[in-house]
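# Examination of the molecular architecture
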Amino acid sequence: MKLFILVALFGLGLAQHNPQFKNGRTSIVHLFEWRWADIAQECERFLGPKGFGGVQISPPNEHIVLGIPWRPWYQRYQPVSYNLCSRSGSEAELKDMITRCNKVGVNIYVDAVINHMCGSGGGAGTHSSCGSWFDATNEDFPSVPYSYLDFNDYKCKTGSGEIENYGDIYQVRDCRLVGLLDLALEKDYVRGKVTEYMNKLINMGVAGFRVDACKHMWPGDLSAVYGRLNNLNTQWFPGGSRPFIYQEVIDLGGEPISANEYVHLGRVTEFKYGAKLGNIFRKWNNEKLCYTKNWGEGWGFMANGNAVVFTDNHDNQRGSGAGGASILTFLDPRLYKMAVGFMLAHPYGVTRVMSSYLFLLNISIHVAQDQNYWVGPPSNGDGSTKPVLINPDQTCGNGWVCEHRWRQITNMVIFRNVVNGQPHSNWWDNQGNQVAFGRGNRGFIIFNNDDWDLNVTLNTGMPGGTYCDVISGQKEGSKCTGKQVTVGGDGRAHFSISNKDEDPFIAIHADSKL
């Protein structure tokens, strides 16, 4: 019997590694701080038709509303209750969005904040996104309800009550992370409240969760919570489907808590990925693109089946989180498009694309934390979030960056779908920063990140014919708006890429054949 239970629990973990993508889709986009009404529209008009697999949404729980600094993004990570009304919209709007996105094949993944409530300095009052009263000073959250008995103060052994030393696993998990009131997730009552919140979202039709701050929770407590989660809603998912779990664990090495403690429970965010990728494309620390021949596990990353990968995320694009100055963002568009293109072409991990809003860097991203780090989404005078406007050229207005709509990135999301399941093949490099690789006989990509032109004839592994490069343009009907690549009957093709090209890389795939 014991063996059976072990096998059953292990099976649950493996099931929770599956993103439950619909019909051959392969990528998640993080629509950071978008309103539910805008996400619903984006699913219908863009994400569904363009083959995106899912959306990571900002935390939907009721959160504190901060005045100093004014309405920062991180107020979303300070729950005051599990009511489903946030800066992004009401419970009705959330439910409508989940339904409309599922209808067009796009999953919703919720950013679940279950390690803590708001900051200890949050005060008392109704300064919350739905007007619920709370008292942070006395750890009183009647809308849940939680009281002082539901927090870890009695377990934390530091003088300040804060995490003071990341070398001490007990501090990291039992004390307050930057002042945030640390929930006692070992208590059955707290587990019950967290599970109730997550199950309500599952029943509404979400496909899974990005679980925030997992390093700060004991794996055993998380296992207990995940084990109580419902199967996914059978209106949208096959019977018996488990929610996809991907856990935020920042592990760049050098700390006693490692991502490996969490991989049996679900996937984990591989923060080494973006940090290394940034160094490679920036050519820092003598890194070269040719060194990525064994990219993935060969670079000391976690096992492929456990990883969620990304070039940047909402934390580290602001210089916090992990990766520091090497992280590439929309502020370095040329290198950024190449790095995201590389990520989407390479088979390692489940890929997540970032979609940001503009924030003006006060100094520069290349400092520990920018002075404008806190700035919240584009908003009106009353603090309400501005809608995402779509310009005639399909870019976004109103201060939204929408990297996921950049042609080069959208087309590489499609590339990944087309080559899904095909092996990494036909590698070529110039021992520098010019590399090429294929994905079986379904796709081929080539990069020139050197300071001189590339001119080369290579075996692509592709069937003969003329293909449209999906970076400089795309196939529209029987025409190509970009460069064309002719592949001979022997699978060979000639490529020339100037180092001065707007985008010094070329990608072709089975569905871009003219």
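Now for a description of the structure that goes with this document.

Calculation rules
- Residues numbered from 1 in each chain as written.
- Predicted model: local features only at pLDDT ≥ 70, side-chain atom pairs only at ≥ 80, totals over all residues.
- Heavy atoms only, no water.
- Salt bridge = Lys/Arg side-chain N within 4 Å of Asp/Glu carboxyl O.
- Helix = DSSP H or I, 4+ residues; strand = E, 2+ residues; numbered from the N terminus.
- Buried < 20%, exposed > 50% of the residue type's maximum accessible area, 1.4 Å probe, protein only.
- Polar contact = N/O pair within 3.5 Å; in protein donor to acceptor, adjacent residues only side chain to side chain.
- Expected span 1.5 Å × (residues − 1).
- Axes fitted to C-alpha atoms, helices over the stretch in contact; angles between N-to-C directions.
- Parallel < 35°, antiparallel > 145°, perpendicular 65-115°, else oblique.
- Contact = heavy atoms within 4.5 Å.

### What about the pattern of salt bridges?
Between side chains of opposite charge, a pair can form as their charged atoms come close. Taken as a whole, this structure holds 26 salt bridges when the rule is applied. Residues arginine 76 and glutamate 33 are paired through a salt bridge, measuring 2.7 Å at the closest nitrogen-oxygen approach. Here arginine 76, found in the loop between β2 (54-57) and α3 (91-103), pairs with glutamate 33, found in the loop between β1 (27-31) and α2 (36-47); they are 43 residues apart in sequence, far enough to count as distant. As a salt-bridge pair, lysine 200 and glutamate 91 come within 3.0 Å of each other at their nearest N and O atoms. With lysine 200 in helix α5 (residues 188-204) and glutamate 91 in helix α3, this residue pair connects regions lying 109 residues apart in the sequence. Judged by its relative accessible area of 39%, lysine 200 is partly exposed. Put simply, Asp111, Arg210, Asp212 and Glu248 are held in one network by salt bridges that share partners.

### Let's talk about the side chain of threonine 195
Take threonine 195: it is sitting in helix α5. Overall, the relative accessible area of 5% leaves threonine 195 in the buried class.

### Some details on the environment of histidine 17
Note that histidine 17 resides in the loop between α1 (2-15) and β1. Along the backbone, histidine 17 and phenylalanine 244 are 227 residues apart, and their C-alpha atoms lie at a distance of 5.8 Å. Of note is the side chain of histidine 17, whose polar atom sits 3.2 Å from the side chain of asparagine 306.

### Focus on helix α8 (residues 333-345)
Along its 13 residues, α8 runs 18 Å from first to last C-alpha, staying within 8% of the 18 Å computed at 1.5 Å per residue. Burial analysis of α8 places 10 of its 13 residues in the buried class, the great majority of the element. Every buried residue of α8 is accounted for by Tyr336, Lys337, Met338, Ala339, Val340, Gly341, Phe342, Met343, Leu344 and Ala345.

### Details of the packing of α8 against helix α9 (residues 407-419)
Taken N-terminus to C-terminus, the directions of α8 and α9 make an angle of 10°; their axes are 9 Å apart at the nearest point. Judged by the inter-axis angle, α8 sits roughly parallel to α9. Mapping the contact onto sequence places Tyr336, Lys337, Val340, Gly341, Met343, Leu344 and Ala345 in α8 and Gln408, Ile409, Met412, Val413, Phe415 and Arg416 in α9.

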